[in-house]
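Remarks on the overall topology
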Amino acid sequence: MQESKFGYRQRFIRGERMCHRFNQKANLVTVAEALRVEAGNVRTEFAQQKDLFPLADIPVVRLDEEGERELVTCSWGLLPFWWKPSAKQKTHKSFQRMTFNARGETVHEKPSYRNAFKSRRCLIPWTEFFEHGWYFSLADGEMLSANGEAVSAFGGLWESWKDPETHEPLETCTIITTAANELLEKYHPKKRMPVILRDEESQQRWLSPDTVERPSIEDLFQPIPADVMTHWEAVA
């Protein structure tokens, strides 16, 4: 099996998981403006990047202790604060390889995600994502940035885990998935797609600390309409 630069078996990922690869090609100023982050709360030097895979450091927008949005980086693959090494999963990376996506239907129930779902929801900025030889993005006019890239946000969760030996924190995240819309279901064998929060109102509701239970944001798990998306075949 072909290995990615992060050690992933590509056949496994392509067949089972979504979303496992995306681009974030907008600069930090554009991302901050699009997702309403004040310049002083940009706490990362993340550069525009293509081909982001699980275990990579990716940009995340979350609320800080004062309830203001901040832009940081997290390792892609959620690691709950309570995780400890075991015979089956000796390293945190082995656990993260199983948690870079969280199913929207059960994210509020599963032990790995339920605590983060209540109080650590986040936005994950993106410009394009990849699936089975095709790129997908928002159509023209959907949150276009100054350089022409359509900046949007995946619905995500974040966590902070402390290494028991070094006491260093490791901040991680996951992308939530839902049933595919009419476009994506043609390409993904499991008929899945990311939860996409494409406007300020949905992003604000997703981040709101007042929301701790699922019913008030149930509608945000619905797939976005296919007609607001565009796609094109990847060129080798």
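Just above, that's the structure.
No experiment lies behind these values; they were computed from the predicted model shown.

Regarding the packing of aromatic side chains
- Taken as a whole and assessed by the stated rule, the structure comprises 17 aromatic pairs.
- Both rings, one in Trp-126 and one in Phe-154, keep their centres 4.9 Å apart while their planes meet at 0 degrees; by these two values the pair is stacked. Within this pair, whereas Trp-126 is found in strand S6 (residues 121-126), its partner Phe-154 is found in strand S9 (residues 152-162), the two being separated by 28 residues in sequence. Note on accessibility: Trp-126 and Phe-154 belong to one class, buried.
- An angle of 50 degrees between the planes, with centres 5.2 Å apart, marks the rings of Trp-134 and Tyr-187 as tilted. Taken together, the residues Trp-134 in strand S8 (residues 134-138) and Tyr-187 in the loop between strand S10 (169-179) and strand S11 (192-194) connect sequence positions 53 residues apart.
- Its relative accessible area of 23% is what places Trp-134 among the partly exposed residues.
- Every member of this aromatic cluster is reached through a ring pair, and the members are Phe-22, Trp-76, Phe-100, Trp-126, Phe-129, Trp-134, Phe-136, Phe-154 and Tyr-187.
- Here the guanidinium or amino end of Arg-62 rests over the ring plane of Trp-158, the centre of that ring lying 4.2 Å away.

Remarks on helix H5 (residues 200-207)
- For H5, the set of buried residues is Ser-202, Gln-203, Arg-205, Trp-206 and Leu-207.
- Measuring from the side-chain oxygen of the N-cap residue of H5 to the backbone nitrogen of Glu-201 gives 3.3 Å; that N-cap residue is Asp-199.

Description of the pattern of salt bridges
- Scanning the entire structure with this criterion turns up twelve salt bridges.
- A salt bridge links Glu-70 to Arg-43; the shortest N-O distance between them is 2.5 Å. Placement of the pair is Glu-70 in strand S4 (residues 69-76) and Arg-43 in the loop between helix H2 (28-34) and strand S2 (49-52), with a sequence separation of 27 residues.
- Its relative accessible area of 8% is what places Glu-70 among the buried residues.
- Taking relative accessible area as the criterion, Arg-43 reaches 44% and is therefore assigned partly exposed.
- Two residues, Arg-205 and Asp-219, come together in a salt bridge whose shortest N-O distance is 2.6 Å. In this pair, Arg-205 sits in helix H5 while Asp-219 sits in the loop between H5 and strand S13 (229-233), placing the two residues 14 residues apart along the sequence.
- Arg-205 sits in the buried class, given a relative accessible area of 19%.
- Assessed through its relative accessible area of 41%, Asp-219 is described here as partly exposed.
- Each of Arg-43, Arg-62, Glu-70 and Glu-171 takes part in a single network of salt bridges with overlapping partners.

Definitions and limits used
- Residues numbered from 1 in each chain as written.
- Predicted model: local features only at pLDDT ≥ 70, side-chain atom pairs only at ≥ 80, totals over all residues.
- Heavy atoms only, no water.
- Phe/Tyr/Trp six-rings, centres within 6.5 Å; stacked < 30°, edge-to-face > 60°.
- Helix = DSSP H or I, 4+ residues; strand = E, 2+ residues; numbered from the N terminus.
- Buried < 20%, exposed > 50% of the residue type's maximum accessible area, 1.4 Å probe, protein only.
- Lys NZ or Arg CZ within 6 Å of the ring centre and 35° of its normal.
- Polar contact = N/O pair within 3.5 Å; in protein donor to acceptor, adjacent residues only side chain to side chain.
- Salt bridge = Lys/Arg side-chain N within 4 Å of Asp/Glu carboxyl O.

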